[in-house]
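Read off the chains here:
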Amino acid sequence: MVKIRLKRMGSKNRPAYRVVVANSRSPRDGRCIEEIGTYAPMSKASDNFDLKMDRVDYWLGVGAQPSDTVRSFIKKARKAAAETAETAETKPEVKKATS
C-alpha cells in the first residue's frame, strides 16, 4: 500500500519534515517514491507547510492513503485555495483612467 506521510529531516531539536509518497512497509526516514511537499513546525508563520497539490491529487487518485497529519494539511491547503479563489472573484476591478 502506498502512503502519503512525513519524513523527518533537520537536526536534533530542530525538526523539519518532507511530505513524501512511500510504500507503507518502508521505514519512516527510508526510501520514498516522490517528495511532494515540506513542513516546518518550528516556523512561526501560519503557513508552515507547502504541498504540490497537483501531485497530491494524482496520488490520491491512484489510491494512496494520507496519514492523519498530511490529511489535515491537504484540508487546510484546499480551504486556503478556495478562499483565495473566492476573494479573487469578489474583488472589484479597478480601471485606470487614461488622460
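Further up the page is the structure itself.
About the criteria used
- Residues numbered from 1 in each chain as written.
- Predicted model: local features only at pLDDT ≥ 70, side-chain atom pairs only at ≥ 80, totals over all residues.
- Heavy atoms only, no water.
- Helix = DSSP H or I, 4+ residues; strand = E, 2+ residues; numbered from the N terminus.
- Rg over C-alpha atoms; globule rule 2.2 N^0.38 Å.
- Buried < 20%, exposed > 50% of the residue type's maximum accessible area, 1.4 Å probe, protein only.
- Contact = heavy atoms within 4.5 Å.
- Areas by Shrake-Rupley, 256 points an atom, 1.4 Å probe, with all protein chains shown as cover.
- Lys, Arg positive; Asp, Glu negative; His and termini not counted.
- Charge placed at Lys NZ, Arg CZ, Asp CG, Glu CD.

A. Region of interest: the overall build of the chain. Helix and strand counts for the chain stand at two helices and five strands. Along the chain, helices (α) and strands (β) appear in the sequence β-β-β-β-α-β-α when read from the amino end. Against the 2.2 N^0.38 benchmark of 13 Å for 99 residues, the chain shows a C-alpha radius of gyration of 18 Å, more extended than a compact globule. Within the chain, the fraction of its 99 residues that count as buried is 26%. Taking all contacts inside the chain whose residues are at least 6 apart in sequence as the whole, residues at least 24 apart take part in 31%. About 7,500 Å² of surface is accessible on the chain, with carbon and sulfur atoms providing 50% of the total. Charged side chains in the chain number 21 positive and 12 negative. The centres of these two groups are separated by 8 Å.

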